[in-house]
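Breakdown of the fold
For reference, the chains in residue letters:
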Amino acid sequence: MPFDSFDEEITHLPDGATIAITTSPQLGIERTVERSEQAAADGYEVSPHIAARYVEGPDHLAQIAERLTEAGVTDIFVPGGDREEPIGEFESAHDLLVALDDLDYEFEEVGITGYPEGHDFLSESTLAEAMDKKEPYATYVVTQLCYDPAAVVDWIDEIRARGIDLPVEVGIPGVMKYQRLLQISRKVGVGDSMKFLRKTSGILGFVRQLVGSRGTYEPDELVDGLAPHVGDEHYDIRGLHIYTFNQTPDTEEWRHRRLGD
């Protein structure tokens, strides 16, 4: 998240790490672009979230694309964005992807969103239709945060049956302390962070997991459940997209421990 803690957070990452930078409802997409330029200059691989509903229109999109390409960014992620009313003419990620395709700027990688456990406000048929429309413009899919490996695997089976063969980056939670989660929720606006959780496993289920693990969630069971499917061409899981909520040190410590095991 492109907040004040960003400068300190990235120091805990290894050289050349890939950083996904979100669009904040409070700070807008300008801060996302600024942080992306900063991280790219520091030698990191950057995947900024260019949320459609935060972009004013084709001219604004062209300006963003120009700045990112000049910064050396080759990978962008295009969600619709949770803003209730779009700031401009892009109602959806598909709208922005179509406009991006008409520009002179190209990105090697373009990610779109997948929802293994559905969406609070959109039906399964609406989600499927949206993905089918976005697929020709994308090179990979990132799944929304999910705690259930079986749900992820089943969802990939479903999109493969529909002819979607994009590689998948599975979105998993990083190591999150309950107190830290509440701090972040207050900073981004409780509704924003809680909505993020509610759209996945539900906030009550999330709290139960945290309390049951003495206040800290670690994604070991989730990673272990996905592991048998890594390397299977049918699933084409190309990596993990770790949602840290800017709790990078704890997640990085966990990652090193996993690699050591």
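Residues numbered from 1 in each chain as written. Predicted model: local features only at pLDDT ≥ 70, side-chain atom pairs only at ≥ 80, totals over all residues. Heavy atoms only, no water.

1. A few points about unusual backbone geometry
When glycine is set aside, most residues are seen to have a negative phi, and most peptide bonds are trans. Under the convention used in this document: Strands are runs of DSSP state E lasting at least 2 residues, helices are runs of H or I lasting at least 4, and numbering of each runs from the N terminus. Three exposure classes are used, based on accessible area relative to the maximum for each residue type with a 1.4 Å probe and protein chains only: buried under 20%, partly exposed in between, and exposed over 50%.
Within the chain, Phe 245 stands out as a residue other than glycine whose phi angle is a positive 50°. Within the secondary structure, Phe 245 is located in the loop between strand E9 (237-243) and helix H11 (248-260). Judged by its relative accessible area of 7%, Phe 245 falls in the buried class. We note that Asn 246 has phi near 60°; this positive angle belongs to a residue other than glycine. Note on placement: Asn 246 falls in the loop between E9 and H11. With relative accessibility at 8%, the residue Asn 246 sits in the buried group.

2. So, the packing of aromatic side chains
For clarity, the cut-off: What counts as a ring pair is set by centres within 6.5 Å for rings of Phe, Tyr and Trp (its six-membered ring), and what kind of pair is set by the plane angle: stacked under 30 degrees, edge-to-face over 60, tilted for all other angles. Over a ring means this: the NZ of a Lys or the CZ of an Arg is within 6 Å of the ring centre and within 35 degrees of the ring normal.
Evaluation of the coordinates by the stated rule reveals zero aromatic pairs. Geometry around Tyr 54 places Arg 83 over its ring, the cationic atom sitting 5.8 Å from the centre.

3. Structural notes on the packing of helix H2 (residues 28-41) against helix H3 (residues 58-70)
Going by this rule: The axes used here are C-alpha line fits, helices contributing only the stretch in contact, and every angle between their N-to-C directions lies in the interval 0 to 180 degrees. Oblique is the label for any angle not under 35 degrees, not over 145, and not in the 65 to 115 range, which are roughly parallel, roughly antiparallel and roughly perpendicular in turn. A crossing counts as left-handed when the near helix is turned anticlockwise from the far one by less than a right angle, and as right-handed when that turn is clockwise. Two residues qualify as a contact provided that any one of their heavy atoms is within 4.5 Å of a heavy atom in the partner residue. The residue classification treats Ala, Val, Leu, Ile, Met, Phe, Trp, Tyr, Cys and Pro as nonpolar and Asp, Glu, Lys and Arg as charged. All others, Gly included, are polar.
For the pair H2 and H3, interaxial distance at closest approach is 10 Å and the crossing angle is 15°. Taken together, the axes of H2 and H3 are roughly parallel relative to one another. Considering how the two elements wind past one another, H2 and H3 form a crossing that is left-handed. Together, Ile 29, Glu 30, Val 33, Glu 34, Ser 36 and Glu 37 of H2 and His 60, Ile 64, Arg 67 and Leu 68 of H3 make up the contact between the two elements. Considered class by class, the residues forming the contact of H2 with H3 number four nonpolar, two polar and four charged.

4. As for the pairing of strand E4 (residues 109-114)
Note the following rule: Assignment of crossover handedness uses the view with strands pointing away from the viewer, where a clockwise path from the first strand over the helix to the second indicates a right-handed crossover. Think of it this way: DSSP has to see at least two bridges between two strands before they count as a pair.
Burial analysis of E4 places five of its six residues in the buried class, which makes it a mostly covered element. Once you follow strand E3 (residues 75-77) into helix H4 (residues 93-101) and on to E4, the crossover reads as right-handed. Examined bridge by bridge, E4 and strand E5 (residues 140-143) share four bridges and lie parallel to one another. The residue of E5 that forms the bridge with Gly 111 is Tyr 140. Chirality of the crossover, the property in question, places the unit of E4, helix H5 (residues 124-134) and E5 among those that are right-handed.

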